[in-house]
Amino acid sequence: MRVGDFFRYARAREGIRFRKERGETQLTSDPVLRDWSFCNVNREDDRVTRWFAKYVRDQVPETQILLATVAFRWFNRISTGQVLAGLNEYNIPARKNLFAEWSTSTAREALALYAEPPYVTGAYIIKTPDGLPKEEGVLWCIDQFVQGNKKGLPLDHVKFSEILLEQPGVHTLEGVWNILRQFPYLGDFMAYEVVTDLYHTPLLDRAPDIMTWANPGPGAARGLCRLRDLPLDDLNRGSETDRRYMMQLMRDLLAASQREEYWPKAWKPWDMRTVEHTLCEFDKYERAQQGGKLKRRYK
């Protein structure tokens, strides 16, 4: 496995973050990293996640963290989040933070009065019911989550949150992910984004599988194929055998991250989400190196 190439990319990307935070203007001599946009190695360092953590995740009551996370990640746009959080520094009249006390009708009114399109992120695909404008579709999805009345699911998000808070270290990321992805349109990817946020909160910060489980997305699967010099479609995420194989490869990379030759001990340590996340970015990096075009250029 091309472990050295994988961590060489990760170190180069993390070096860009260090130089950028120091205010340097020459961030990299690598033409791919210079011209195209790549996420930070650690998801918590990304701009949108930093904003969400500061203004939403850390501001709402613990029993509202789950709903606030679901609501924000479905929009995943800072400008929309500013409106829904009722931040006065953005010239929005003083009112309640909707992430702390959600009301779909009030959210709809606030977006109509104060937000400007696009309301929803372009970083990933947001699926909502056909025939609805995107913002209306997202509000519909959040409303279904608030109702929480789907058969076999917790009665409501507050009760579910209380269960997680009362039993720290018991519930796994994978278990919560399996529950969340049963809600309409939440799906594998979105549920995984929410779970990743939650393990930086009291709801799941002691989950026993933080260092052993991740949900390999399509980009991560291609990244693993590149590391193993396999055809890019060789690993099937729908195959339980392939998923177990990918999980083991990711655990091997996590173990390698603890070696100084691959990742300096003074830098932020890795977890399984960091491995999965970086595999996706590594796939993008190699694709661009080979002449392919990516979605976003670096501004």
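Predicted model, so just to flag it, every value in this text is computed and none were measured. (Residues numbered from 1 in each chain as written. Predicted model: local features only at pLDDT ≥ 70, side-chain atom pairs only at ≥ 80, totals over all residues. Heavy atoms only, no water.)

Chemist: Before we move on, could you go through the overall build of the protein chain and cite the residues and values that matter?
Modeler: Helix and strand content of the protein chain: 13 helices and zero strands. Element order for the protein chain, N to C, with α for helix and β for strand: α-α-α-α-α-α-α-α-α-α-α-α-α. In summary, the protein chain has a C-alpha radius of gyration of 20 Å against a globular reference of 19 Å for 299 residues, a match within 12%. Expressed as lengths along the three principal axes of its C-alpha atoms, the size of the protein chain is roughly 50 × 45 × 40 Å. When the 299 residues of the protein chain are sorted by exposure, 50% land in the buried category. Sequence separation of at least 24 residues holds for 69% of the intrachain contacts in the protein chain that already meet a minimum separation of 6. For the protein chain, the computed accessible surface area is about 14,600 Å², with 49% contributed by carbon and sulfur atoms. Within the protein chain, one finds 44 positive and 41 negative side-chain charges whose respective centroids are separated by 4 Å. (Helix = DSSP H or I, 4+ residues; strand = E, 2+ residues; numbered from the N terminus. Rg over C-alpha atoms; globule rule 2.2 N^0.38 Å. Buried < 20%, exposed > 50% of the residue type's maximum accessible area, 1.4 Å probe, protein only. Contact = heavy atoms within 4.5 Å. Areas by Shrake-Rupley, 256 points an atom, 1.4 Å probe, with all protein chains shown as cover. Lys, Arg positive; Asp, Glu negative; His and termini not counted. Charge placed at Lys NZ, Arg CZ, Asp CG, Glu CD.)

Chemist: Residue-level account of the confidence of the model for the protein chain, with values.
Modeler: In regions of low pLDDT, the predicted coordinates are not meant to be interpreted in detail. Averaged over the protein chain, the pLDDT score is 93; the fraction of residues at 70 or greater is 95%. Looking at the elements of the protein chain, mean pLDDT is at its lowest for helix α6 (residues 104–114), recorded as 90, and at its highest for helix α1 (residues 3–21), recorded as 98. (pLDDT = per-residue confidence, 0-100.)

Chemist: Pulling in residues and values, what's your account of the state of the cysteines?
Modeler: The final tally for this structure, using the stated rule, is zero disulfides. The thiol of Cys225 is unpaired, and the distance to the nearest cysteine sulfur, on Cys280, comes to 13 Å. (Disulfide = S-S within 2.5 Å.)

Chemist: A description of the pattern of salt bridges should follow, citing residues and the corresponding values.
Modeler: Tallied over the entire structure, the rule returns 23 salt bridges. Arg226 is paired through a salt bridge with Asp283; the nearest N and O atoms lie 2.6 Å apart. Taken together, the positions of Arg226 in helix α11 (residues 218–227) and Asp283 in helix α13 (residues 272–289) put the pair 57 residues apart, joining distant regions of the chain. For Arg226, a relative accessible area of 7% gives the class buried. Glu261 is the partner of Arg259 in a salt bridge, and the nearest nitrogen-oxygen pair spans 2.5 Å. Note on Arg259: relative accessible area 41%, which makes it partly exposed. One continuous salt-bridge network, built from bridges that share partners, spans Arg43, Glu44, Arg57, Arg73, Glu193, Asp197, Arg273 and Glu276. (Salt bridge = Lys/Arg side-chain N within 4 Å of Asp/Glu carboxyl O.)

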